[in-house]
Amino acid sequence: MDLCHVPATREKGWYLALMAPNVKGPNYAWLDPSRLYCHPQGLQDCVADLLQPFQGDAIDMVAGIDAMGFILGAAVAAVLRKGFLAIRKAGHLCVQTLAQPYTDYSGREKVMEVRTDAISPGLRILLVDQWIETGGTMRAAIQLVEQLGGVVAGVATICIEDSEGGRWIQERYKCAHCVPPRLQPRFNRHQFGWD
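Residues numbered from 1 in each chain as written. Predicted model: local features only at pLDDT ≥ 70, side-chain atom pairs only at ≥ 80, totals over all residues. Heavy atoms only, no water.

### Topic: the packing of helix 1 (residues 40–51) against helix 2 (residues 68–80)
And then number 1: At a closest axis distance of 10 Å, the pairing of helix 1 and helix 2 adopts a crossing angle of 75°. By the angle between their directions, the pair helix 1 and helix 2 is classed as roughly perpendicular. From helix 1, Leu43, Cys46, Val47, Leu50 and Leu51 reach across to helix 2, where they touch Leu72, Ala75, Val76, Val79 and Leu80.
And then number 2: Looking at the contact of helix 1 with helix 2, its residues break down into 10 nonpolar, no polar and no charged. (Axes fitted to C-alpha atoms, helices over the stretch in contact; angles between N-to-C directions. Helix = DSSP H or I, 4+ residues; strand = E, 2+ residues; numbered from the N terminus. Parallel < 35°, antiparallel > 145°, perpendicular 65-115°, else oblique. Contact = heavy atoms within 4.5 Å. Nonpolar A, V, L, I, M, F, W, Y, C, P; charged D, E, K, R; others polar.)

Right, here's the structure in full:
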């Protein structure tokens, strides 16, 4: 899809066609959503779809997960007129942090951290990331927020795959994603393209 083209009819998830499949092999995610961030209307509609379930909910801050969650999370925070907190991969923050180990979608052991002075008890945080495949990364972010006394107001991401971790998150937290039900099975099987 052309980055200047806006369809006459914009159904939920129309902008998913802007994403690109992996052409570099197994060390990369199966799909790259970052191209939709280049499309002004696509990005606006994606953010609107993510926020729709949270209309009227109390949200004090938005937190985005390193690194692609920063883009989507900052856009969500700007629309909500809320502050933005970066949840980082370990070793990037020069202030006091809380760390949480996790296993990412590729099976690699990693550690993420968050500054300890940004989350006060009871602060309601909307967690945003680009994608939930196995749920390990998002679950670590949830643990960081809750260990500091924050409340997870919700989870927003382009896609939540039907994995054990994805189901665990959806069963316990209010979630929003952009994939229409008719396309969800294809995303679960990592099949790009749709009718």
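### Some details on the nonpolar core
And then number 1: The biggest cluster of nonpolar side chains holds 33 residues, and the ones touching the most others in it are Leu72, Ile158 and Phe187.
And then number 2: Those elements that provide at least two residues to this core are helix 1, helix 2, strand 7 (124–132) and strand 8 (151–160).
And then number 3: Sorting elements by how many residues they give to this core places helix 1 first, with five residues.
And then number 4: Excluding residues that lie within four positions of it along the chain, Leu72 makes contacts with Tyr37, Leu43, Cys46, Val47, Leu50, Val128, Asp129, Gln130 and Ile158. (Core = buried A, V, L, I, M, F, W, Y, C linked by side-chain atoms within 4.5 Å. Buried < 20%, exposed > 50% of the residue type's maximum accessible area, 1.4 Å probe, protein only.)

### A word on helix 3 (residues 136–147)
And then number 1: End to end, helix 3 covers 16 Å across 12 residues, agreeing with the expected 16 Å (1.5 Å per residue, within 8%).
And then number 2: The complete set of buried residues in helix 3 reads Gly136, Thr137, Met138, Ala140, Ala141, Ile142, Leu144 and Val145.
And then number 3: Looking at the residues trailing helix 3, positive phi occurs at Gly149, about 90°. (Expected span 1.5 Å × (residues − 1).)

### A closer look at the environment of Leu16
And then number 1: With respect to the helices, strands and loops of the structure, Leu16 is situated in the segment before strand 1 (20–21).
And then number 2: For Leu16, a relative accessible area of 0% corresponds to the buried category.
And then number 3: For the pair Leu16 and Pro33, spaced 17 residues apart in the sequence, the C-alpha separation amounts to 7.6 Å.

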